[in-house]
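Next come the chains, spelled out residue by residue.
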Amino acid sequence: MNLYLRYFDRETLVTTVDEAIDFLANISEIGMDAVLEKDIRDYVASDVFYPKRYKIRPRVYFIIIKTDAANMQDFKDKKAVHSAPTLSVRERNAMPVVAKLNEERYGWYEGMLDFKRVLLVPGTGKFQYRDTRFVARVKAESGIDCYNRIVEHLQERVDERSQFPSAKGKNFKFTYLGMVK
C-alpha cells in the first residue's frame with residue numbers, strides 16, 4: 001500500500017508512513033508535531049480507504065490517499081483504484097447512513113419518505129402543511145437512487161411548495177429487497 005500526499009502544488013507518492021511524515025515535515029506551513037504524526041500513523045494503519053484531509057488553517061488543507069499505484073503516473077491514470085470489498089450483513093448495518101445510501105446494489109428497494117405536503121383546507125380556501133408518509137417499491141441502483149426516484153415521482157403529483165427531507169435524515173428509510181428478475 002502506497003500513500004499519495006498533496007499540499008497545493010507539492011505532491012508525492014511514498015511507500016511508508018515515515019516517508020510521508022518526512023515529506024510533510026519539510027513543509028514549514030504544516031507544522032508537523034507529535035499529535036499530527038500519531039494521527040497520520042493511525043490513519044495509515046486503519047482499514048479506511050477514504051482520502052484523509054487535514055486542516056492547516058481556514059480553507060487550507062493537505063490530503064493523504066491510500067493507493068495500490070506503483071508510481072505517480074499509475075496513480076494519475078487511476079490504474080490502481082482500490083475496489084471496495086463485499087460486506088457482510090452485519091458490517092453493512094454498522095455503516096454510516098451516507099455510505100449505505102451510495103452503496104451500489106442494483107435491484108428492488110422499498111423506500112419510505114415522511115414529507116411535508118401542502119394541502120388545501122376545504123372550508124377556508126387556505127393551504128397548510130401536513131405530515132405525509134409515502135412508501136414505494138422501485139427498481140434502483142442504490143439507496144440514493146431510490147430516494148431520487150421517489151422524490152421525482154412525488155414532485156410531479158403534489159403541490160410544488162411541498163417540502164422533502166434530506167436522504168441522509170431520519171425521514172427517509174430504505175430496504176434492499178433483492179435482485180431484479
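Please refer to the structure higher up on the page.
As a starting point, this report considers the structure included with it. Model, not experiment: these values are computed from the prediction.

### Topic: the overall build of the protein
Turning to step 1, where the next piece is worked out: Check the secondary structure of the protein and you find six helices and seven strands.
Turning to step 2, where the next piece is worked out: Evaluated residue by residue, the protein yields a buried proportion of 31% over its 181 residues.
Turning to step 3, where the next piece is worked out: Carbon and sulfur atoms make up 50% of the accessible area of the protein, which amounts to about 12300 Å² in all.

### Some points on helix H1 (residues 17-25)
Note on helix geometry: an α-helix contains 3.6 residues per turn, so any two residues three or four positions apart are oriented the same way.
Turning to step 1, where the next piece is worked out: Residues of H1 that are buried: Val17, Ala20, Ile21, Phe23 and Leu24. Across the axial projection of H1, the buried residues extend over an arc of 160°, all falling on one side.
Turning to step 2, where the next piece is worked out: At its buried positions, H1 is contacted by strand E1 (2-7), strand E2 (10-14), helix H2 (34-45) and strand E4 (60-67).

### Concerning the pairing of E4
Turning to step 1, where the next piece is worked out: Of all eight residues in E4, seven are buried; the element is thus mostly enclosed.
Turning to step 2, where the next piece is worked out: By the bridge criterion, five bridges tie E1 to E4 in an arrangement that is antiparallel. Looking at the pairing, Leu5 lines up with Ile64 of E4.
Turning to step 3, where the next piece is worked out: As paired elements, strand E3 (residues 52-57) and E4 share five bridges and run antiparallel to each other. Bridged to Tyr54 within E4 is Phe62.

### Examining the sheet that holds strand E7 (residues 172-178)
The strands that make up a sheet pair up through hydrogen bonds in the backbone, lying either parallel or antiparallel.
Turning to step 1, where the next piece is worked out: Strand order in the open sheet formed by three strands is E6-E5-E7, and the pairing between neighbours is antiparallel. This sheet does not close on itself; its edge strands, each paired only once, are strand E6 (127-140) and E7. Each strand of the sheet is rotated relative to its neighbour by a mean of 20°, with strand direction disregarded.
Turning to step 2, where the next piece is worked out: As judged from the 14 bridges shared by strand E5 (residues 107-120) and E6, these two strands associate in the antiparallel manner.

### Details of the nonpolar core
Turning to step 1, where the next piece is worked out: Residues Leu5, Leu24, Ile30, Ile40, Tyr54, Phe62 and Ile64 are the most contacted members of the largest nonpolar core, which totals 18 residues.
Turning to step 2, where the next piece is worked out: Mapped by element, the contributors of at least two residues to this core are E1, H1, H2 and E4.
Turning to step 3, where the next piece is worked out: Looking at this core, the element that brings in the most residues is H1, giving five residues.
Turning to step 4, where the next piece is worked out: Beyond its immediate chain neighbours, meaning those up to four positions away, Ile30 contacts Tyr7, Leu24, Leu36, Ile56 and Phe62.
Turning to step 5, where the next piece is worked out: Membership of the second largest hydrophobic core comes to 15 residues, among which are Ala136, Val138, Tyr147 and Ala167.

About the cut-offs
Residues numbered from 1 in each chain as written. Predicted model: local features only at pLDDT ≥ 70, side-chain atom pairs only at ≥ 80, totals over all residues. Heavy atoms only, no water. Helix = DSSP H or I, 4+ residues; strand = E, 2+ residues; numbered from the N terminus. Buried < 20%, exposed > 50% of the residue type's maximum accessible area, 1.4 Å probe, protein only. Areas by Shrake-Rupley, 256 points an atom, 1.4 Å probe, with all protein chains shown as cover. Arc of directions from axis to C-beta. Contact = heavy atoms within 4.5 Å. Pairing = 2+ DSSP bridges. Axes fitted to C-alpha atoms, helices over the stretch in contact; angles between N-to-C directions. Core = buried A, V, L, I, M, F, W, Y, C linked by side-chain atoms within 4.5 Å.

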